[in-house]
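What the coordinates show
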Amino acid sequence: MDVNEKKDDVTKAETEVKKLSENVEKEEIVSKPEDAKVAAEANGDHIKNAKDGDNAKDDANAKTTNVSLPISDKENGFENAKDGEKEKTTNVSLPIADKENTVENGKENVKESEKIDECLSNENGNEIATKIEKGESSSSSSPTNAKDRDSSLISDENAFVADLKEYEKRALLDLKSKLEEAILTHKLFKKAKNNEEKIEEEKQEESSDKITDEKEKQDIVADKGKEKIIVTEKDDKADEEVDKDIALWGVPLLPSKGDLATDILLFKFLVARDFKTNDALEMLRNTLEWRKENKIDSITEEQLSESFYDTVGYMKGSDREGHPVCYNVYGVFDDEATYNKTFGTEASREKFLRWRLQLLEKEIRKLDFRHGGVSKLLQINDLKNAPGPSRRDLRLATKRAVGILQDNYPEFVSRNIFINVPFWYYAFNAILSPFLTQRTKSKFVFSRPSRVTETLLKYIAAEEIPIIYGGLQRENDPDFSTQDTAFEVNLKAGATETVEIPAPEVGNSLMWDLTIVGWDVNYKEEFVPTDEGSYTLIVKKGRKINWQHESIRNTFANKEPGKVVITIENSIFKKKRILYRYKIKNNHSSSS
């Protein structure tokens, strides 16, 4: 190629680039009428036809307004307002609608909203995909700010569809539609290739022939020495049956089954992924794949427990909102032998992690995914005497466990409370923090050793808190149960309060259970007869109680009518809380 030809090519290229630049500038100034129509419809407005848009543009006297409109994503379907992504916008010159058009548009939007509610609340559920395909679903709305978003995140634990905001309804509808399609078209799980398909792919790479029609069945003949192997491509989708009974934690996943528990379970995945439906579906798909690979559905039947596992993690009682409470005690690993037995080898670490997942699975299957039911747990992590961050095996095991729980158990923890927190743990938490989502971190509560009972009482009633944490709950207690509600008395700084237990009948046996938040008080017990001529009896001599690891429990059998009076004096300038309960037994009957 000579110099002149090169110059001609350069000149042509410059001309094409100039034309392309001019076209781009024109598109940026005014969008095409067809694009304007699509964008306007996505924003809820209505343009009758492209000709009207041209006339409005050409008419110099026509009143116009610049509107910023979202461009719909064809691959993702309609967008939900929670995607949090920056929407592409274009400036469109549109005529200002008159009053009649405004009223009509308002009616259309109301009808669209009613269709969404009707489709979501439909127990049959099989109309979801059909309505979206026909365009009956509402168009995407503008993104909601973070403040509004956070204010609605599972304020009611199992939020019913009618309680959801519009963007939440749209996101749930979109996820149900995509999940229904994925299940019915065998796209929920990643398809594993069998040996025949792998052989076929290898031979296709070696062969220079191209297959023009992949849908038709073909016979590929390959030579292996003197032998010829005929491989027939099968239509797996036609032969494979749809598993409509697929479920997760006992909740059916196929939306068309009409189970309301499906909505609540899917809502957990939406919240975990900030209402981005594609991300929520991908999280659900990955969770199902992970469970299948690790045989989690059958994990509850495995024999995994060691003798000391039950002291490391256990379920006990429930919080004030009915959530089951799970206790994790890390101080057990302060013992060198126990630590090495748990984290000494990769096999022992895997066994412990699998046991921990087994404990979680057993409790999740007891949860109620119906509207108004309890579908979360409360986690309490006791860090007293826990090994420090220098224990690399424990640190890595904790990091891995957090990752598994965060990726495969969305919105199953209402609160994650850390008690008896040492100073070094705050530094360790700062290192672990980047690997956690903001929503996960928002559920963390930290408590110093001196404030353990006070912190737990915010979330759990005194009768449900174990005595080692300042509560009233004892192991295998024959006298009191969690049904025996505790009373509370506030003890002001420098003040004295009394607790009275009546004994109006002779021969009663009185029993009481009492704890004080903060302790450091003067304490005494007396029996005061109703007859003023009788003497007051000392049940327990007055003494100073600086700290009490367990609640005070005592009994007294009265021989005359009267009452037991417990006197508590707060000599320091810090208020206290007195928590107590009692029973009166007489002839094998009891009352409180």
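Data block above holds the structure.
Now for a description of the structure that goes with this document.

Criteria and cut-off values
- Residues numbered from 1 in each chain as written.
- Predicted model: local features only at pLDDT ≥ 70, side-chain atom pairs only at ≥ 80, totals over all residues.
- Heavy atoms only, no water.
- Phe/Tyr/Trp six-rings, centres within 6.5 Å; stacked < 30°, edge-to-face > 60°.
- Helix = DSSP H or I, 4+ residues; strand = E, 2+ residues; numbered from the N terminus.
- Buried < 20%, exposed > 50% of the residue type's maximum accessible area, 1.4 Å probe, protein only.
- Lys NZ or Arg CZ within 6 Å of the ring centre and 35° of its normal.
- Salt bridge = Lys/Arg side-chain N within 4 Å of Asp/Glu carboxyl O.
- Core = buried A, V, L, I, M, F, W, Y, C linked by side-chain atoms within 4.5 Å.
- Expected span 1.5 Å × (residues − 1).
- Polar contact = N/O pair within 3.5 Å; in protein donor to acceptor, adjacent residues only side chain to side chain.
- Pairing = 2+ DSSP bridges.
- Axes fitted to C-alpha atoms, helices over the stretch in contact; angles between N-to-C directions.
- Contact = heavy atoms within 4.5 Å.

Considerations on the packing of aromatic side chains
Within this structure, the stated rule accounts for 28 aromatic pairs. Between Trp424 and Tyr425 the ring centres are 5.8 Å apart and the planes differ by 70 degrees, which places this aromatic pair in the edge-to-face class. Summarising the aromatic geometry, the rings of Tyr425 and Phe446 are spaced 6.3 Å apart at their centres and angled 50 degrees between planes, so their arrangement reads as tilted. Taken as a pair, Tyr425 in helix H16 (residues 423-432) and Phe446 in strand S11 (residues 444-446) lie far apart in primary sequence, 21 residues in all. In this structure Tyr425 comes out as buried when scored by relative accessible area, which is 8%. In this structure an aromatic cluster arises from ring pairing among Phe308, Tyr309, Phe333, Tyr339, Phe343, Phe352 and Trp355. Here Lys583 stacks its cationic end above the ring of Phe480, 5.4 Å away from the centre of that ring.

Section: the pattern of salt bridges
A complete count under the given rule lists 32 salt bridges for this structure. Across the pair Arg354 and Glu302 runs a salt bridge whose closest N-O atoms are separated by 2.9 Å. Pair noted here: Arg354 is in helix H14 (residues 346-364) and Glu302 is in the loop between helix H11 (277-293) and helix H12 (309-312), with a separation of 52 residues, a long-range link. The class of Glu302 is partly exposed, set by a relative accessible area of 25%. Between Arg365 and Glu361 there is a salt bridge; the shortest N-O distance is 3.3 Å. Look at the salt bridges and you will find they share partners, linking Asp477, Asp479, Asp513, Arg553, Arg581 and Lys585 into a network.

Points about unusual backbone geometry
The backbone of Trp519 shows a phi angle near 45 degrees, a positive value even though the residue is not glycine. Relative to the assigned elements, Trp519 resides in the loop between strand S14 (509-517) and strand S15 (521-529). Residues other than glycine seldom take positive phi values, yet Asp520 does so here, at roughly 55 degrees.

Details of the nonpolar core
Ranked by internal contacts, the top residues of the largest apolar core, which has 74 residues, are Phe369, Tyr409 and Tyr469. Ranked by size, the runner-up nonpolar core spans 23 residues in total, among them Leu491, Val499, Trp512 and Ile568.

As for helix H10 (residues 260-272)
Taking 1.5 Å per residue, 13 residues should reach 18 Å; H10 reaches 19 Å between its end C-alpha atoms and fits that length. Counted residue by residue, H10 has 11 buried out of 13 residues, so it is predominantly covered. Taken residue by residue, H10 has Ala261, Thr262, Asp263, Ile264, Leu265, Leu266, Phe267, Lys268, Phe269, Leu270 and Val271 as its buried positions. In this structure Asp259 caps H10, since a side-chain oxygen of it lies 2.9 Å from the backbone nitrogen of Ala261. Of the residues one or two after H10, Asp274 is the one with positive phi, at around 55 degrees.

Some words on the environment of Lys176
Note that Lys176 resides in helix H7 (residues 166-184). With a relative accessible area of 3%, Lys176 lands in the buried category. Lys176 sits 90 residues away from Leu266 along the chain, and the two C-alpha atoms are 7.9 Å apart.

Observations concerning the sheet that holds strand S7 (residues 313-318)
Sheet strands pair via backbone hydrogen bonds, and the direction of the pair is either parallel or antiparallel. As summarised here, the arrangement of the five strands in space is S7-S8-S9-S10-S11, forming an open sheet in which the pairing is mixed. The sheet terminates laterally at S7 and S11, the two strands that pair on one side only. Going from strand to strand, the sheet's axes swing by 20 degrees on average, the running direction of each strand aside.

Notes on the sheet that holds strand S16 (residues 537-545)
Sheet architecture is open: four strands sit in the order S13-S18-S15-S16, paired in antiparallel fashion. The outermost strands of the open sheet, each flanked by one partner alone, are strand S13 (496-503) and S16. Strand-to-strand twist of the sheet, defined as the mean angle between neighbouring strand axes without regard to direction, takes the value 15 degrees. Where S15 meets S16, six bridges bridge the pair, whose relative direction is antiparallel. Looking across to S16, one finds that Val521 is bridged to Ile545.

Side note on the environment of Ala247
In this fold, Ala247 is placed in strand S5 (residues 247-248). Expressed as a C-alpha distance, the spacing of Ala247 and Thr262, which sit 15 residues apart in the sequence, is 9.2 Å. Once residues lying within four places of it in the same chain are set aside, the contact partners of Ala247 are Pro252 and Leu253.

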